[in-house]
Amino acid sequence: MEYLEFELPIKELQDQLQKCQLIGEESEVDVSETCKKIEKKLLETKKDIYKNLTPWQRVQLSRHPDRPYTLDYIKALCGDTFLELHGDRNVKDDKAMIGGLGKIGDQTYMFVGQQKGYNTKTRQYRNFGMSNPEGYRKALRLMKSAEKFGIPVVTFVDTPGAYPGLEAEERGQGEAIARNILEMTRLQVPIITVIIGEGASGGALGIGVGDRVLMLENTWYSVISPESCSSILWRSWEYKEQAAEALKLTAPDMKKLKLVDDIVKEPLGGAHTDREATFLAVKNAIEKNYDVLKNLSPKDLVNERMDKYINMGVFKG
């Protein structure tokens, strides 16, 4: 397992625990008491570190290479029922944006989400989770199909932003994202959005308009990444920690500002430390929110969604 810089005290204790257990196995010395002491210290250190995370440390956790991605969630939630659908019927199939039909229990959902790679080859194949315009148009095509058949939509947001290349701009990146935001506000089926990693800029908003927007505990959602913000304001990446603090991009900040509806708790140490528990928490959150939304008529659903977004940022002096 990979460790981030602030997790190194945990790594040291885990190494000590392994050595202690090894000594116990290879010799007749009773090391059980020592092992128990190290285990206790390890748990205390974990609690101390993870309960006092800075915004920048949460950003680092959201990018952890071992963290589960969209397809991991879909496979865990749907099993063999997932049928991936491809292409925007216009340019090509964007590998950074995936989508398709799947079942959680007896209920069918249309899943849409950004997918990152887990090694150099797949990261290039998935374009580092940065979608082109055809990715957003594919997402919209799938959401419109879901609306046609009365199927609720679940979106998983995990992107460092929409792809900023010249060819993406030539094919209408801004228009594709704006079109998605417009169409999602008036889609006549429930939309549940889950931020599972990075939620950066318009790249996240392109599939982020939902009746219920949920954030995992160690994720972030903002108009800009801390590094980019730092480079614009201070002409250097060195101030990224200050930028992360100022941007109010963590899940508690977003909930306080009423920009997201709920926070999904992660296991101690982040989603990657206990994937099964994370998948179960996300599954329960989706089912719980859908149980409420399914009772609303399409008209009420759209009206409530519109009101929710219109009221964002309203300031009463």
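> Quick rundown of the overall build of the protein? Include the residues and the values.
The number of helices and strands found in the protein is 14 helices and eight strands. Taking 20 Å as the expected radius of gyration for a compact globule of 317 residues, we find that the protein reaches 21 Å, a close match to that expectation. Seen through its principal axes, the protein has C-alpha atoms that stretch 70 × 50 × 50 Å. Among the 317 residues that make up the protein, the fraction classed as buried is 48%. For the protein, the computed accessible surface area is about 16,200 Å², with 52% contributed by carbon and sulfur atoms.

> Help me get a handle on the nonpolar core, residues and values and all.
Inside soluble globular proteins, nonpolar side chains tend to come together where they are buried. The biggest cluster of nonpolar side chains holds 27 residues, and the ones touching the most others in it are Met 110, Val 112, Met 143, Val 153, Met 215 and Tyr 221. The element best represented in this core is helix α6 (residues 133-148), accounting for five residues. Core analysis: the next-biggest nonpolar cluster, separate from the first, contains 26 residues, Leu 71, Leu 77, Val 282 and Ile 286 among them.

> Can you explain a nonpolar patch on the surface? Please cite residues and give values.
Side chains of Ile 232, Leu 233, Trp 234 and Tyr 239 sit close together on the surface and give an oily, nonpolar patch of about 400 Å² of accessible area. For Ile 232, the location among the structural elements is in helix α10 (residues 226-233). Exposure remark for Ile 232: the relative accessible area of 51% places this residue in the exposed category.

> How would you summarise the pairing of strand β6 (residues 212-216) if you had to cite specific residues and measurements?
Across the five residues of β6, four count as buried, placing the element largely inside the fold. Bridge count between strand β5 (residues 191-200) and β6: four bridges; the pairing is parallel. Paired with Thr 193 across the two strands is Val 213, which belongs to β6. Bridging between β6 and strand β8 (residues 262-264) involves three bridges; their strand directions are parallel. Along β8, the bridge assignment pairs Leu 216 with Val 264.

> Residues and numbers for the environment of Met 215, please.
Examined against the element boundaries, Met 215 turns out to sit in strand β6. Overall, Met 215 belongs to the buried group, its relative accessible area being 0%. A sequence separation of 46 residues divides Met 215 from Glu 169, and the C-alpha atoms of the two residues are 29 Å apart. The residues touching Met 215, leaving out its near neighbours within four places in the chain, are Ile 195, Trp 220, Tyr 221, Leu 249, Thr 250, Ala 251, Met 254, Val 260, Asp 262, Ile 263 and Val 264.

> Now, about the pattern of salt bridges: what can you tell me, with residues and values included?
Enumeration according to the criterion identifies 22 salt bridges in this entry. Glu 266 serves as the salt-bridge partner of Arg 67, at 2.7 Å between the closest nitrogen and oxygen. Taken together, the residues span a long stretch of sequence, with Arg 67 in the loop between α3 (55-62) and α4 (70-78) and Glu 266 in the loop between β8 and α13 (275-293) at a distance of 199 residues. On the basis of relative accessible area, Glu 266 is assigned to the buried category, the value being 8%.

> Please provide a residue-by-residue account of the packing of aromatic side chains, values included.
In the structure shown here, the tally under the stated rule is six aromatic pairs. Relative to Phe 156, the ring of Tyr 73 lies with its centre 5.7 Å away and its plane at 25 degrees, an arrangement referred to as stacked. Of this pair, Tyr 73 sits in helix α4 while Phe 156 sits in strand β4 (residues 153-159), placing them 83 residues apart in sequence. Look at Phe 156 and you get buried, because its relative accessible area is 0%. Taken together, a centroid distance of 5.9 Å and an interplanar angle of 50 degrees make the contact between Tyr 109 and Phe 111 tilted. Through pairs of rings, three or more aromatic residues link up here, namely Tyr 73, Tyr 109, Phe 111, Phe 156, Phe 279 and Tyr 290.

> Got a sec to walk through unusual backbone geometry? Specific residues and values, please.
Excluding glycine, a negative phi dihedral is what most residues carry, and trans is how most peptide bonds are arranged. One non-glycine residue, Arg 89, adopts positive backbone phi at about 60 degrees. On the secondary structure map, Arg 89 appears in the loop between β1 (83-84) and β2 (97-104). For Arg 89, a relative accessible area of 65% corresponds to the exposed category. Positive phi outside glycine occurs at Ser 201, with the angle close to 60 degrees. Mapped onto the fold, Ser 201 is located in helix α9 (residues 201-205).

So, how was this worked out
Residues numbered from 1 in each chain as written. Predicted model: local features only at pLDDT ≥ 70, side-chain atom pairs only at ≥ 80, totals over all residues. Heavy atoms only, no water. Helix = DSSP H or I, 4+ residues; strand = E, 2+ residues; numbered from the N terminus. Rg over C-alpha atoms; globule rule 2.2 N^0.38 Å. Buried < 20%, exposed > 50% of the residue type's maximum accessible area, 1.4 Å probe, protein only. Areas by Shrake-Rupley, 256 points an atom, 1.4 Å probe, with all protein chains shown as cover. Core = buried A, V, L, I, M, F, W, Y, C linked by side-chain atoms within 4.5 Å. Patch = residues over 30% accessible without salt bridge, like charges linked within 9 Å, V, L, I, M, F, W, Y side chains within 5 Å. Salt bridge = Lys/Arg side-chain N within 4 Å of Asp/Glu carboxyl O. Pairing = 2+ DSSP bridges. Contact = heavy atoms within 4.5 Å. Phe/Tyr/Trp six-rings, centres within 6.5 Å; stacked < 30°, edge-to-face > 60°.

Don't take any of this as a statement about function, it's just geometry.
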